[in-house]
Amino acid sequence: MMNRYLVTILLALLPVLAIGKMVDVERTTTGYGISYNEALNAAILEAVQQVRGMEIGTEKSVKFDLQQSVSGRTDVTTASMGVEQNIYAKSKGWVKSYEVLSTKKPSGKGGSWEVGVKVVVPRFESNAVPNDKRFTLAVMPFRVSRSLYYVDKSSIGGREASTRIQEAIQEKLTQSRRFAVVNRSFSSEFNSEKALLESENVSAVEASRLGQVAGADFMIVGRLHSLGASPDARKSYYGAELNKGEIRAEIAYQVIEVPTQKVAWTDVLKLDVKPDSEFDLHTLFDQVGKRVAKGTLEVIYPIKVLDIQSAERVYLTQGGEVLSVGDRLSVRGKGKTVVDPDTGMKVPLEGPIVAQVEVVEVMPKYSVAKLVEGDLNEFSANSVLRPMIDAIEAS
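Remember, it's a predicted structure, so these values are computed and weren't measured experimentally.

1. Overview of the packing of helix 5 (residues 158-176) against helix 8 (residues 281-300)
In a packed pair of helices, the relevant descriptors are the angle between the two axes and the axis-to-axis distance.
No. 1: Viewed as axis vectors pointing N to C, helix 5 and helix 8 meet at an angle of 50 degrees, and their least axial separation amounts to 8 Å. Classified by the angle between their axes, helix 5 and helix 8 sit oblique to one another. Classified by chirality, the crossing of helix 8 by helix 5 is right-handed. Taking contact as the criterion, the partners of Ala161, Arg164, Ile165, Ala168, Ile169, Glu171, Lys172, Leu173 and Ser176 in helix 5 are, on helix 8, Leu281, His282, Phe285, Asp286, Val288, Gly289, Lys290, Val292, Ala293, Thr296 and Leu297.
No. 2: Among the residues making up the contact of helix 5 with helix 8, the classes are represented as 11 nonpolar, 4 polar and 5 charged.

And the structure:
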């Protein structure tokens, strides 16, 4: 009985998932062709393109499916107008139904058929984040330099290390709420489900869920160069070992703009950790994920002032696990944008440091900081902040 109540409580505490649904969208289009079937197919395809869009390669597949669906109409001279319902199952969910509104035969030799139709196209609408305008981002599996790494008297396989890094970065970026992180793992499982939806074993309603995978605006790729004893661990000072047992992870990563394949940011991390009695690899990979997420966010979504209520309540645009209580950040004054005379590119110049704040509270979507140095009148909402370690390195 106790277990039953525990399960009920846990289920009640889970957030309600916004499940996507199928909606019917109606379009009226006109198609042209050398035959009735070709004109009808063109009209239906145009409706599908208007509702669901079309990628190169997919269009050929849909044309074939629709041609198969309308190929039964061979007697073009007696083609009647009406509603055709069974095309939904035959077209694998691309079209639910269509109604022929008008037909116009060729007026002479070399002319074209003209067919007007009203088409109902099913479309899958995700309700996870309505009107989500965030950049989409994919974290790809990191490449590794070795098949096996030895860390603190234990070992970890290269493939597992790659997965752990990928998952740690995904976790930090998802919790930042600044990106719509898209999944690029479990490809074999997704391909298996895709094959099932394309088969004759599912209904047309289920099959119409195909073609909804979100593309990525940005992609994070990288390589784990080394993982093991830090070179500094072998250093000594008059015979005393200074960094005994210290572990280093050296990782190179890039943030790439997918449509142009331009590198938006690149960095090499050398993360040193001194294990204690409670150390495990999760701690190391967690820190790697946090550092990569911070670097990515600072380039695309720098931390900004969200609102100022008082010197004790300065709201910041980021939360989750990207910021921690006690973090200090420099507040930048108003900057400007100039044009590089050699490249012609616009270069945003940050203003001078006008204040410092310290994070006192971290929420999933934002953080709260207090003013520790400077004047509130020197900055406002939308002012950019940088971690103090960055300000020190830049100076």
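Now that the structure is up, let's keep going.
2. Some words on the pairing of strand 20 (residues 353-362)
No. 1: Examined bridge by bridge, strand 17 (residues 328-332) and strand 20 share 5 bridges and lie antiparallel to one another. For Leu329, the partnering residue across the bridge sits in strand 20 and is Val357.
No. 2: Relative to strand 21 (residues 367-374), strand 20 is paired through 7 bridges, and the arrangement is antiparallel. Across the sheet, Val362 pairs through a bridge with Ser367, a residue of strand 21.
No. 3: Linkage of strand 20 to strand 21, two consecutive antiparallel strands, is achieved through a turn of 4 residues.

Cut-offs applied
Residues numbered from 1 in each chain as written. Predicted model: local features only at pLDDT ≥ 70, side-chain atom pairs only at ≥ 80, totals over all residues. Heavy atoms only, no water. Axes fitted to C-alpha atoms, helices over the stretch in contact; angles between N-to-C directions. Helix = DSSP H or I, 4+ residues; strand = E, 2+ residues; numbered from the N terminus. Parallel < 35°, antiparallel > 145°, perpendicular 65-115°, else oblique. Left-handed = near helix turned anticlockwise from the far one by under 90°. Contact = heavy atoms within 4.5 Å. Nonpolar A, V, L, I, M, F, W, Y, C, P; charged D, E, K, R; others polar. Pairing = 2+ DSSP bridges.

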